[in-house]
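What the coordinates show
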Amino acid sequence: MKQKQAHKPPRWATRLLALYCRPEIVEDLEGDLNEYFARNVQSKGARRARLIYIIDVLKFCRLYTLRRPRHINPLIQWIMIGSYFKTAQRTMVRNKLFSFINIAGLAVSMSVGLLMIAFVTDLRSYDDFHRNKDRIYRLTTSDHREGQKTMSLASTSVLAGKEVSSSVTGVESLTLMRNDFGGDVIVDDDLITVRGLWADQKFFSIFTFPTVEGNPATALKDPYSVVLTETTARKIFGQRTALGKSVRVGKDDYIVTAVLKDLPSQSHLRFDALGSFSTMEMKHPNTDGEFMDWGSIYMNYVYLLLPEGRSPESVQAGISKLCAAENATLKDRKIELSLQPLKAIAINTHLENEVGPVMHIAVVWILSGLAFVVILCACFNYMNLSVARALRRSREVGIRKIVGAYKRQVLAQFVIEALLVALLALVFSFLLFTFLRTKFIELSPQLQRLVSLQLSPRIVLYFIVLALVTGLIAGIFPALLFSRLQAVQALKDASSVRLFRHVNLRKALIVVQYVFSIAFITATTVGYKQYKSFLVFDLGFNTENVININLKGNNAKLLANELASVPAVVDVSRSVMVTSLGSKFGTSVKYKGQQDGQDAFMNVVDDRYLSVHGHALLAGSNFTWRPDSVEESEVIVNEQLVKQFNIAEGDIQKAVGEELVVADKKLTIVGVLKDFHYGTVDDAIKPTLLIYRPRENYGHLNVKVMAGDVTATMAGIEAAWKKIDKLHPMDARFYNDQIEEAYNQFQIMIKVIGFLAFLAICIASLGLFGMVVFTTETRVREVSIRKVLGASEGSLVIALGRSFIVLLLVASAIALPATWLFFENVVLSRFAYRQPIGWSEMLTGVGCIMVLALVMIGSQTLRVARVNPADTLKSE
Amino acid sequence: MKGTNVGEFEELVLLTIAALVADAYSVAICDELSKQTGRDAKLGVVHAVLNRLEEKGLVKSKLGEATSVRGGKRKRYYTLTNAGKLAIVKAKEVRDQFWSIIPDFVLKGI
């Protein structure tokens, strides 16, 4: 007997047999198989015996052994559903606290889910309005240069467009676009800025933009034609008809050949107007390199329409061949073109020179992932509380079963209950959603341009699906548990239903919830600290009280003269660009007979620039003032440049007077600056140089003002601006504000994660509260007896609360190191200059959560500990 | 219904049940069949036949007492019904009739 027990037939096979076999004959069959198995173990060994057993189980699957499907009267099903609704409603009303916790948790978390659904649906329905949306492709470019990172661009070259349309077979239509169309339009005394694209006449054969007037087929054919959107046309011409009229955009006159209906908001192409591409071909500009060069890939866009049923792969093959031929003309550089489906444009990995607003696919994934985690936390609450209340409902289930309920009817009952809770939560979460929607869109101007989050029947359907799925996830586990309950056991002795059977699972769920909560809040505090440190980061120069004015093409000297008379203005300098905001301007530098130039960042400034910004000179001197006619000859470099180019063996003092070749011009080093941050803090300090070019008409004025009355100062500057330029509104910003804006994305990220942290904590706290209430209630008698035997209130609180505290400690022990590692290795490793992660920001979040949890645990346990033992025990 | 005709294997199973008297359950039937006929009687086949015979009303079955062998599973014992008894008697009669009219020389030289 003992020996035999050592070998058992595979359990899963036995289960399989029980699953398919008719209950009347299963016992007999199983017995036979067992007997054979025992025999085979003796004669053929355990392994063969098991194999034979499995084969026999499979062979027994015959028509006459198969279970007959049970026929339950569908009418009864319907009647029972009514009963399920009634019981669900009663349970909810009876347990107000638990219902509240469940509904509130689910509602709050689902509102985030709704937001994500609306967001993703919006993005996915981008460009749906094009009739040929499935056949439109865009040519994208990847630019491989020797020794540099590959750059992926949404733009391409004019030549690529021309070559593909003439020599690649299988393209029905192709349109070329260019992105620098636009300029000021003066209407009466007002000024309207029009932004748009150059597009050729095939544009309307590919895209579906309905016209109000004009013939789309010929609208973009002739040079100097322009197509306006309805809004733009109304702005320029008012109620008068625009067709055929002349309009001056920037410096050129155009004839309006068509007016379009306003663009749908879900279009990745955005424009106020389209200029005809033939104008470009006449002008032959070289703004991004020679107009017809294979390497001029920065400003043009090519969209293709493939014939019905044509696979993009076959066209791609032709394009690759073309690329190979053209690349032969390039040295150390390869340009590859590929086809990107129109529908893949709105959500994608990052491409440079995007034509319109798009969303990075990683952002979508991260946000959806976080929303999912929050919803899951709320589901955990539901599971936890339902399972914990198993004792109270086991009698109900027992009676149901004895009266004749099948397992799956009990299952259905509890799932339906969960679905009802989820649907009820959906109502509240929808209210929250309408509120969150505006807040979310207001987070950044980019989001405002990108999505509207408007409701549509499809989105409402998705919402309901989300609620049902959430309900199912939350309800399926408790439902399975209840449906397995043995009726007799449940009724005979309720306490035999082991109340704390799933206690480990419940603990694990609480720990998981708190791990997420703690991770979220710690990420928020750590991120916030980093963000703040970026703002006050010592850039190596002074940005305090400096106002940068965008000149918008006005004469820098004239405005500087006007500003000199404003009393608060201390000093004014000029520069081509404003550094430390993320934009960069690179150039090629050679030193002493070097063959190939190395990259360095540059800025063109005047002689006042260093003093306005408080740059520290380590050697040499500042630029000296020159008249406008003089060519540039001097350069000031930073320490890094001296080191990297090994100028005068890296000696800063001796570097002064050395000669550099910057973009083929010989310049003399007159000074060496202390290193300063040219880029944002994610970049390491690179070789940087400042050039004084007197004849330059700089892009910005840097105005150093006195601290004090900001409004009066700005008013003074504004008045000066108005004297120079009556049309354009002034664009003057404090340098510090601009820096804050450059790090705006971090602020948004922190807000989003912080908000999710808040939600996760609320949900986890609600769940913990529910569990504490439940546990203490079930232990009232124990507490009373302890008290009678002489336990003090303090020791009772500790006895009741200890296990929860341990859970929280475990959760922090998991969450804190994980968050720390994540920040150290993933997030912050991208930043060259950052603050070390301190203990304080790691622990503040945990501290808050702990205090909150302790208050909850403490208040509840104390309530129970204070109960008079006589009251609870006398009813026994 | 296919009628009350019994096939060859069915007949053998019926005979085995009759021979085993009170100990006719699936595994024993298999063993006895193998022993008597010398061919390998597969459990699955025997089961199917027993099921069919029961449907035809030739045998009836009831579960025995639980024992510690067979993993505590009860055996299903089979006994012949009157129709079953009649069927094997009829089958034997048919054979006997044939035997009585087969001349001796036909089988000579085996």
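If you're wondering where the values come from, they're calculated on a predicted model, not measured in any experiment.

Another point: the overall build of chain A. Along its length, chain A carries 30 helices and 24 strands. Dimensions along the principal axes, computed over C-alpha positions, put chain A at roughly 105 × 70 × 70 Å. Burial status across chain A gives 49% buried among its 876 residues. Of all intrachain contacts in chain A linking residues separated by at least 6 positions in sequence, the fraction that spans at least 24 positions is 80%.

This part covers the confidence of the model for chain A. Residues and elements named next belong to chain A. Taken residue by residue, chain A gives an average pLDDT of 85. The fraction at 70 or more is 97%. For chain A, helix H1 (residues 2-6) is the element with the lowest average pLDDT, namely 48, and strand S6 (residues 225-229) is the one with the highest, namely 93. Low pLDDT, under 50, characterises residues 1-5; the predicted model gives this stretch three contacts beyond four residues in sequence or across chains.

Between chain A and chain B, the contact holds 18 residues from the first and 22 residues from the second. Buried surface at the junction of chain A and chain B, summed over both partners, amounts to about 1,700 Å²; 49% is from carbon and sulfur atoms. Considering only the surface of chain A that becomes buried against chain B, Glu27(A), Asp28(A) and Tyr64(A) emerge as the three largest contributors, covering 32% of it. Put simply, chain A and chain B have four salt bridges between them. In this structure, Lys73(B) engages Glu30(A) in a salt bridge whose closest nitrogen and oxygen atoms are separated by 3.6 Å. Counting across the interface, chain A meets chain B through five residue pairs in polar contact (both at pLDDT 80 or more).

The next thing to look at is the environment of Ala38(A). All names here are of chain A. With respect to the helices and strands, the residue Ala38 is situated in helix H3 (residues 23-44). Judged by relative accessible area, Ala38 falls into the partly exposed class, the value being 22%. Sequence separation between Ala38 and Tyr137 is 99 residues; the distance between their C-alpha atoms is 68 Å.

Turning next to the pairing of strand S1 (residues 136-145) of chain A. Residue and element names in this part refer to chain A. Within S1, eight of the ten residues are buried, which leaves it mostly tucked inside the rest of the structure. Here nine bridges tie S1 to strand S11 (residues 333-341), and the two strands are oriented antiparallel to one another. Paired with Arg138 across the two strands is Gln340, which belongs to S11. Sheet topology note: the S1/strand S2 (residues 151-153) ladder contains three bridges and is antiparallel. Looking at S2, one finds that Thr141 is bridged to Leu153.

Attention now goes to the pattern of salt bridges. Two side chains bearing opposite charge may form a pair once their charged atoms approach each other closely. All names here are of chain A. Summed over all chains, the structure comprises 39 salt bridges over all chains. The partner of Arg393 in a salt bridge is Glu417, and the shortest N-O contact between them spans 2.7 Å. Taken together, the residues Arg393 in helix H14 (residues 390-403) and Glu417 in helix H15 (residues 407-442) connect sequence positions 24 residues apart. Accessibility expressed as a relative area gives 7% for Glu417, which makes it buried. Through salt bridges with shared partners, one network takes in Glu631, Glu632, Lys665, Arg693, Arg695 and Glu696.

Time to look at the pairing of strand S2 (residues 76-80) of chain B. Residue and element names in this part refer to chain B. Burial along S2 is one-sided: Arg76, Tyr78 and Leu80 are buried, while Tyr77 and Thr79, pointing the other way, are not. Here strand S1 (residues 59-63) runs beside S2; their pairing, made up of five bridges, is antiparallel. Paired with Leu63 across the two strands is Arg76, which belongs to S2.

Our focus in this paragraph is the packing of helix H1 (residues 8-20) of chain B against helix H2 (residues 26-37) of chain B. Residues and elements named next belong to chain B. Viewed as axis vectors pointing N to C, H1 and H2 meet at an angle of 110°, and their least axial separation amounts to 10 Å. In terms of orientation, H1 and H2 fall into the roughly perpendicular class. Along its contact with H1, which presents Phe9, Leu12, Val13, Thr16, Ile17 and Leu20, the element H2 presents Ala28, Ile29, Glu32, Leu33 and Thr37. Residues of the contact of H1 with H2, tallied by class, amount to eight nonpolar, two polar and one charged.

Rules behind the numbers
Residues numbered from 1 in each chain as written. Chains lettered and ligands numbered in written order. Predicted model: local features only at pLDDT ≥ 70, side-chain atom pairs only at ≥ 80, totals over all residues. Heavy atoms only, no water. Helix = DSSP H or I, 4+ residues; strand = E, 2+ residues; numbered from the N terminus. Buried < 20%, exposed > 50% of the residue type's maximum accessible area, 1.4 Å probe, protein only. Contact = heavy atoms within 4.5 Å. pLDDT = per-residue confidence, 0-100. Buried area = accessible area lost by both parts, 1.4 Å probe. Salt bridge = Lys/Arg side-chain N within 4 Å of Asp/Glu carboxyl O. Polar contact = N/O pair within 3.5 Å; in protein donor to acceptor, adjacent residues only side chain to side chain. Pairing = 2+ DSSP bridges. Axes fitted to C-alpha atoms, helices over the stretch in contact; angles between N-to-C directions. Parallel < 35°, antiparallel > 145°, perpendicular 65-115°, else oblique. Nonpolar A, V, L, I, M, F, W, Y, C, P; charged D, E, K, R; others polar.

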